[in-house]
Amino acid sequence: PPRGPAPPPRGGGGGGGAFDLRVRDLSTLLPSVAGHGLGGAKGGDMSYSGLHTWGSAVALAQLVVRDPTMVAGKNVIELGAGTGLPSLAASRYATRVTASDRSEELLANVRHNASLNEGSLMGGLGRLGTRVLLWEEADGCPPEAYQVVLGAELMHEVPTMQALARTVVHLL
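(A) How the structure looks around unusual backbone geometry. At E153, a position not held by glycine, the phi torsion is positive, near 55°. Within the fold, E153 resides in the loop between β4 (148-151) and α4 (160-171).

Structure follows, in structure tokens:
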């Protein structure tokens, strides 16, 4: 179960320079979340998973900040963006970033988090977009020219693997 918001990434080290990112983690506002198996427990309801900033999302955002060359000058999409932390980090360096998830409600939180970080993104806010993307229906979406696909804590169920793989192939 979640233990509260994950700490935000802190830039530094590589070529990224130091900056902080903040996200609104809505899982703490839902008292019923703890009973829904948010940690991916067997039989758990993952419908709230996008409201929480997972540790792997923090690690991925830190990786992007430490090595911005992985996204610099590229079109990037994050699958299962949740709170959008890796997308926010990438938007500072990438040409275009699309944060995608399964519902407009989750993406509204990504846009809110982007607005919280406008000063830290050095113009990246204008390079960040959102898109509802259901992996089961991705084949019907027009392909876009993405060079990088980001994702953290994407696999909670085995049947999702095939849809995820087809989506990644379709997007690249």
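(B) Spatial organisation of the sheet that holds β4. Taken together, four strands build an open sheet; the order of strands is β3-β2-β1-β4 and the sheet is parallel. The two strands at the open ends of the sheet, each matched to only one other strand, are β3 (128-132) and β4. For this sheet, the mean angle separating the axes of adjacent strands, direction not counted, is 25°. As defined by bridge partners, strand β2 (residues 96-101) adjoins β3 across five bridges and the pair is classed as parallel. Across the sheet, residue T98 finds its bridge partner in β3, namely G129. In the packing of helix α3 (residues 104-116) onto the sheet, contacts are made with β2 and β3, and the angle to β3 comes to roughly 170°.

(C) Spatial organisation of the nonpolar core. Among the nonpolar cores identified, the biggest contains 24 residues, and V64, V71, V76, A90, V97, L128 and L150 are the most heavily contacted of them. Listing elements by their share of this core, those giving two or more residues are α1 (55-66), α2 (85-91), β2, α3 and β4. Here this core takes six residues from α1, the largest share from any one element. Excluding anything up to four places from it in sequence, V76 contacts V71, A94, R96, V97, T98, Y146, V148 and L150.

(D) Spotlight on the pairing of β4. Burial along β4 is one-sided: the face carrying V148 and L150 is buried and the face carrying V149 and G151 is not. Relative to β4, strand β1 (residues 75-79) runs parallel, the two sharing four bridges. Pairing of V76 across the sheet is with V148, part of β4.

(E) Structural context of the side chain of N113. As for its position among the elements, N113 is in helix α3. Its relative accessible area of 0% is what places N113 among the buried residues. Reaching out from N113, the side chain makes a polar contact with the backbone oxygen of T83 at a distance of 2.9 Å.

Cut-offs used in this document
- Residues numbered from 1 in each chain as written.
- Predicted model: local features only at pLDDT ≥ 70, side-chain atom pairs only at ≥ 80, totals over all residues.
- Heavy atoms only, no water.
- Helix = DSSP H or I, 4+ residues; strand = E, 2+ residues; numbered from the N terminus.
- Pairing = 2+ DSSP bridges.
- Axes fitted to C-alpha atoms, helices over the stretch in contact; angles between N-to-C directions.
- Contact = heavy atoms within 4.5 Å.
- Core = buried A, V, L, I, M, F, W, Y, C linked by side-chain atoms within 4.5 Å.
- Buried < 20%, exposed > 50% of the residue type's maximum accessible area, 1.4 Å probe, protein only.
- Polar contact = N/O pair within 3.5 Å; in protein donor to acceptor, adjacent residues only side chain to side chain.

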